[in-house]
Protein chains: 2
Amino acid sequence: MTKDFAVGIDIGGTNTKFGIVDRKGNILEQGRMRTDAHDNAEEFIEELYKNLWPLIANHGGTDKFKGIGMGAPNGNIYTGTIEYAPNLKWKGIIPMADMVEKKFGLPARLTNDANAAAMGEMMYGVAKGMKHFITITLGTGVGSGIVIDGKIVVGHDGFAGELGHVIVRHGGRLHKGTSAYGSLEAYASATGVRETAIEFLTAEPDAPSLLRNYTIDELTSETVYNCAIQGDAIANRIFEFTGEILGEALANFVMFSSPEAIVLFGGLTKAGDLLLKPTVQAMEANLIQVFKNKVKVIFSDLKEADAAILGASALVWETDH
Amino acid sequence: MTKDFAVGIDIGGTNTKFGIVDRKGNILEQGRMRTDAHDNAEEFIEELYKNLWPLIANHGGTDKFKGIGMGAPNGNIYTGTIEYAPNLKWKGIIPMADMVEKKFGLPARLTNDANAAAMGEMMYGVAKGMKHFITITLGTGVGSGIVIDGKIVVGHDGFAGELGHVIVRHGGRLHKGTSAYGSLEAYASATGVRETAIEFLTAEPDAPSLLRNYTIDELTSETVYNCAIQGDAIANRIFEFTGEILGEALANFVMFSSPEAIVLFGGLTKAGDLLLKPTVQAMEANLIQVFKNKVKVIFSDLKEADAAILGASALVWETDH
């Protein structure tokens, strides 16, 4: 029987999304469940089975499926394990691919969530046909997937591509999760934008700003965006500041792997040109001559959940050759 | 007739070195000439021919040679051209591989000089057998060669791996060649060490130091080293400062490609542990957990000229498969 379908699963800190995908990259059916409602991986897999099995059955059962692909924080493609993921409740090393394979009776592969998104972009998104690009996810945190010569860079241990943790401001802002000072994630994430807002509003207590109408809990990258498009000066400066730091980091990445494009992805990209313009300007300003005006910085056009599900499912088709 | 030999040529800003190399990586005969004595590439090639042809003749003539491999600043492996190299007198785009091929009647390939050195390390040096490593050349400038999955990273345009130009100190020291502020090369090169020495001595005019016995022209990374091993406090702090910045940059590189090792190379490595200890310490301090205590930082054991000649010659053997 032909194996027409794959399952793509995106395991996030809060939610897990899954879908049935055909060989053309159509998501035929999808669902979601809470990740964080389960204190251990065994319970999580029981719940996943309850939710996902009916979808597999709807599409002809396991005989019609080539396998299951998964993306997860700190996922290791070599071992299929999730290792010490700070955003998950499950501690230590979880042999997720093995556990899923046993439960569903289908071959399962697992990779880093950001790498899965990069794979989705390469197969079905704006990076289709590109052999050299970098995907940067600007969400609660900053993730990255690096593609060189058409292959995801995983490094000697499977953990390459942690660009959210590069240091961009020596001695800069403390990242509470990693205890690093001045890492990219401390600035160019939704969390970072919120912190920048609080810093700017506190540093200039007399400067008027629409942002002062919000409680501290309401200060999010979204409220900053809403104020910025209304012309609020501080809100606009927050995006300029964020873009300046992000652009400088992107320049460093370009001088490493000389990609054709950088694909930006995730919640913060909703800011559009407010973020893109200062980012590109800072990137160009920090590139040496040979790289200037060559690298496209583009937003992903895949829906967020879709890219991750598609990218994870792509792991399954990869084993075709 | 079997093609037993290759020519390896290392074109540097001041000198050009060349050698006859066999398939086992033995340099059978070598020579050198000035690069900077020739205002244009045509003259350079005439002189190269005069110097190199007798060596080829000594080893059986072109019939015994598989080809010529070259490393050069801003060398592009895709096109065989040298493009806008700031350290060479020849301006614009030089079709060096084509010119050499015509002159010698042998197939010629050309790549970036730092990539040639990385290739030499992979085939004949401390990185033998490694599939993921980064070579950093700490000379007058800072060069780099990146190896992922056993292949030199060249990027979409052939210029990847310009790690000397990444920004490590936002708004930091001006690099006179590139006009960038705070790039790695401005600190972790022989030129950078000299600048740090001048900065430190000027900032603390009353602090005693053996370095004050030298004229400003005599202040080089070598004199700093000589004073440091005699216990001079400022000289020691200069290497600590250099290592701190280098180590932070290395941490960023590790979080990009997760290499097994970083191979340091070039004049500055003569400082040994004076440089290595603070470098490793700073690298480890800036890595996130998953990379800590995993990455070897090692000095090359190839003679500098040899690595470049061997690496360039390796380009020739590469075409075997």
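Note that the structure is predicted; figures quoted are calculated from it, not measured.

Caption draft 1: The arrangement of the nonpolar core in detail. A:Ile136, A:Leu184, A:Phe253, B:Ile136, B:Leu184 and B:Phe253 are the most contacted members of the largest nonpolar core, which has 104 residues in total. If we skip the residues at most four places from it in the chain, A:Phe253 touches A:Ile134, A:Ile136, A:Leu163, A:Val166, A:Leu184, A:Ser258, A:Pro259 and B:Phe256.

Caption draft 2: Summary view of the interface of chain B and chain A. Listed per partner, the contact involves 39 residues of chain B and 39 residues of chain A. Across the interface of chain B and chain A, roughly 3,300 Å² is buried in total on both sides, 65% from carbon and sulfur atoms. For the interface between chain B and chain A, the tally reads four salt bridges. Joining chain B to chain A, the criterion identifies 20 residue pairs in polar contact (both at pLDDT 80 or more). When contributions to the side of chain B that touches chain A are tallied by element, the ones reaching two or more residues are strand 10 (142–148) and helix 6 (233–257) of chain B. With seven residues, helix 6 of chain B is the largest single contributor of residues to the side of chain B that touches chain A. Of the residues belonging to the side of chain B that touches chain A, the class tally is 19 nonpolar, eleven polar and nine charged.

Caption draft 3: Spatial organisation of the sheet that holds strand 4 (residues 65–72) of chain A. Residues and elements named next belong to chain A. Strand order in this open sheet of five strands is 3-2-1-4-8, and the pairing throughout is mixed. Both edges of this open sheet fall to strand 3 (27–34) and strand 8 (108–112), since each of them pairs with a single strand only. Taking each pair of neighbouring strands and ignoring which way they run, the sheet shows an average axis angle of 15°. Contacting strand 1 (5–11), strand 2 (15–22), strand 3, strand 4 and strand 8, helix 8 (residues 304–318) runs over the sheet at an angle of about 130° to strand 1.

Caption draft 4: View of the relation of the copies chain B and chain A. Placing chain B over chain A gives an RMSD of 0.0 Å and needs a rotation angle of 180°, together with 0.0 Å of translation along the axis. Both chain copies can therefore be described as sitting about a two-fold axis. When the interface residues of chain B are mapped onto chain A, 100% of them again lie at the interface, so the same face is used by both copies.

Caption draft 5: Here's a closer look at the packing of aromatic side chains. Residue and element names in this part refer to chain A. Throughout the structure, instances matching the rule amount to 15 aromatic pairs over all chains. For the ring pair Tyr49 and Phe104, a centre distance of 5.0 Å and an interplane angle of 55° mean the geometry is tilted. Of this pair, Tyr49 sits in helix 1 (residues 41–58) while Phe104 sits in helix 2 (residues 96–104), and the two are 55 residues apart along the sequence. Looking at Tyr49, the relative accessible area reads 27%, which means it is partly exposed. Phe104 gets classed as buried once you look at its relative accessible area, which sits at 4%.

Caption draft 6: Quick look at the sheet that holds strand 7 (residues 93–94) of chain A. All names here are of chain A. If you walk across this open sheet you meet the three strands as 5-6-7, and the pairing is antiparallel. The two strands at the open ends of the sheet, each matched to only one other strand, are strand 5 (75–76) and strand 7. Inspection of the sheet shows strand 5 paired to strand 6 (residues 81–83) by two bridges, in the antiparallel sense. Its bridge partner lying in strand 6, Gly75 is registered against Ile82.

Caption draft 7: Representation of the pattern of salt bridges in the model. Here the structure, examined in full by the defined rule, presents 27 salt bridges over all chains. Residues B:Asp149 and A:Lys151 are paired through a salt bridge, measuring 3.7 Å at the closest nitrogen-oxygen approach. Here B:Asp149, found in the loop between strand 10 and strand 11 (151–152), pairs with A:Lys151, found in strand 11 (residues 151–152), and the two come from separate chains. With a closest N to O distance of 3.0 Å, B:Arg173 and B:Glu199 form a salt bridge. Pair noted here: B:Arg173 is in the loop between strand 11 and helix 4 (190–203) and B:Glu199 is in helix 4, with a separation of 26 residues, a long-range link. One salt-bridge network, in which partners are shared between bridges, spans B:Arg173, B:Lys176, B:Glu195 and B:Glu199.

Caption draft 8: Just the side chain of A:Ser221, in detail. Residues and elements named next belong to chain A. Turning to its location among the elements, Ser221 is positioned in helix 5 (residues 221–229). Residue class for Ser221 comes out buried when judged on its relative accessible area of 16%. Those residues within four positions of Ser221 in sequence are excluded, and the remaining contacts are Ala190, Val193, Phe239 and Leu268.

Caption draft 9: The arrangement of the side chain of B:Ser313 in detail. All names here are of chain B. Summarising the element assignment, Ser313 is placed in helix 8 (residues 304–318). Within polar-contact distance, the side chain of Ser313 engages the backbone oxygen of Leu310 at 2.7 Å. Setting aside residues up to four positions removed in sequence, Ser313 forms contacts with Ala6, Val7, Gly8 and Val21.

Conventions adopted
Residues numbered from 1 in each chain as written. Chains lettered and ligands numbered in written order. Predicted model: local features only at pLDDT ≥ 70, side-chain atom pairs only at ≥ 80, totals over all residues. Heavy atoms only, no water. Core = buried A, V, L, I, M, F, W, Y, C linked by side-chain atoms within 4.5 Å. Buried < 20%, exposed > 50% of the residue type's maximum accessible area, 1.4 Å probe, protein only. Contact = heavy atoms within 4.5 Å. Buried area = accessible area lost by both parts, 1.4 Å probe. Salt bridge = Lys/Arg side-chain N within 4 Å of Asp/Glu carboxyl O. Polar contact = N/O pair within 3.5 Å; in protein donor to acceptor, adjacent residues only side chain to side chain. Helix = DSSP H or I, 4+ residues; strand = E, 2+ residues; numbered from the N terminus. Nonpolar A, V, L, I, M, F, W, Y, C, P; charged D, E, K, R; others polar. Pairing = 2+ DSSP bridges. Axes fitted to C-alpha atoms, helices over the stretch in contact; angles between N-to-C directions. Least-squares fit on C-alpha atoms with pLDDT ≥ 70 in both. Phe/Tyr/Trp six-rings, centres within 6.5 Å; stacked < 30°, edge-to-face > 60°.

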